[in-house]
Amino acid sequence: MKKEIYVDDEFVKIVEHKNKFLSFETEENEIKIPVHLIKLVQKAYTDQGGTSSVAIFLETENEFFITADEVDNIDGVFESLLDLKLRTNKFRAEIYNIETRETIDK
């Protein structure tokens, strides 16, 4: 499944492109996440493999995971979310090293 991520001051929109079963057609699923519901954005990485995923945790206990395989530029997605955090100051952002279990607040 491929994903596109759009970030603005009110919503984070995730568009999922999923291949239909036994078909070359794809179907789209659009998820709009209100920024005021975001509690934490976390980028997970390893020293050798680089960024593996970005997770968006909501106040409602829902979670959205975006893996490096699903988007073309996972670091760009995180940078957009980090820029949103700096503009709105509505949620936390952190970088998490999977191997060392070290967390850095951004």
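Structure shown above.
Summary of the structure given here. Here the structure is a predicted model, which means the values were calculated and not measured.

## Observations regarding the packing of aromatic side chains
Across all of its chains, the model carries one aromatic pair by this definition. Between F57 and F65, the aromatic rings sit 6.0 Å apart at their centres with planes inclined by 90°, giving edge-to-face as the arrangement. Its relative accessible area of 18% is what places F57 among the buried residues. Over the face of the ring belonging to Y6 we find K13, whose NZ or CZ atom lies 5.1 Å from the ring centre. One residue, K32, lies across the ring of F11, its end atom 4.6 Å from the ring centre.

## Overview of the sheet that holds strand 8 (residues 102-105)
In space, the five strands of this open sheet follow the order 6-5-4-7-8, with mixed pairing throughout. The sheet terminates laterally at strand 6 (63-67) and strand 8, the two strands that pair on one side only. Across this sheet, the average inter-strand angle for adjacent strands is 20°, counted without regard to direction. Note: strand 5 (residues 50-58) against strand 6, five bridges, orientation antiparallel. Note that in strand 6 the partner of S53 across the bridge is T67. Seen against the sheet, helix 1 (residues 74-88) touches strand 4 (38-46), strand 5, strand 6 and strand 7 (92-97) and runs at an angle of roughly 40° to strand 5.

## Points about the environment of I74
Topologically, I74 is positioned in helix 1. Given the relative accessible area of 7%, I74 is considered buried. With 22 residues separating them in the primary sequence, I74 and S52 have C-alpha atoms 8.0 Å apart. Filtering out sequence-adjacent residues up to four positions away, I74 remains in contact with T51, S53, V54, I66, T67 and A68.

## What about the pattern of salt bridges?
If charged atoms from side chains of opposite charge come close, those side chains can pair. Applying the stated criterion across every chain yields a total of ten salt bridges. Residue E30 pairs with K13 through a salt bridge whose shortest N-O separation is 3.9 Å. With E30 in strand 3 (residues 26-34) and K13 in strand 2 (residues 11-19), this pair connects stretches of sequence that are 17 residues apart. Taking relative accessible area as the criterion, E30 reaches 47% and is therefore assigned partly exposed. A relative accessible area of 26% places K13 in the partly exposed class. One continuous salt-bridge network, built from bridges that share partners, spans K3, E16 and E70.

## Thoughts on helix 1
The end-to-end C-alpha separation of helix 1 is 21 Å, in line with the 21 Å expected for 15 residues at 1.5 Å each. Buried residues of helix 1: I74, V77, F78, L81, L82, L84, K85 and T88, and no others. Down the axis of helix 1, the buried set is contained in an arc of 155°. They therefore lie on one face. Where helix 1 is buried, its residues meet strand 1 (2-7), strand 2, strand 4, strand 5, strand 6 and strand 7. Count one or two residues on from helix 1 and you reach N89, which has phi positive near 50°.

Cut-offs applied
Residues numbered from 1 in each chain as written. Predicted model: local features only at pLDDT ≥ 70, side-chain atom pairs only at ≥ 80, totals over all residues. Heavy atoms only, no water. Phe/Tyr/Trp six-rings, centres within 6.5 Å; stacked < 30°, edge-to-face > 60°. Buried < 20%, exposed > 50% of the residue type's maximum accessible area, 1.4 Å probe, protein only. Lys NZ or Arg CZ within 6 Å of the ring centre and 35° of its normal. Pairing = 2+ DSSP bridges. Helix = DSSP H or I, 4+ residues; strand = E, 2+ residues; numbered from the N terminus. Axes fitted to C-alpha atoms, helices over the stretch in contact; angles between N-to-C directions. Contact = heavy atoms within 4.5 Å. Salt bridge = Lys/Arg side-chain N within 4 Å of Asp/Glu carboxyl O. Expected span 1.5 Å × (residues − 1). Arc of directions from axis to C-beta.

Any functional reading would require information that these geometric values do not contain.
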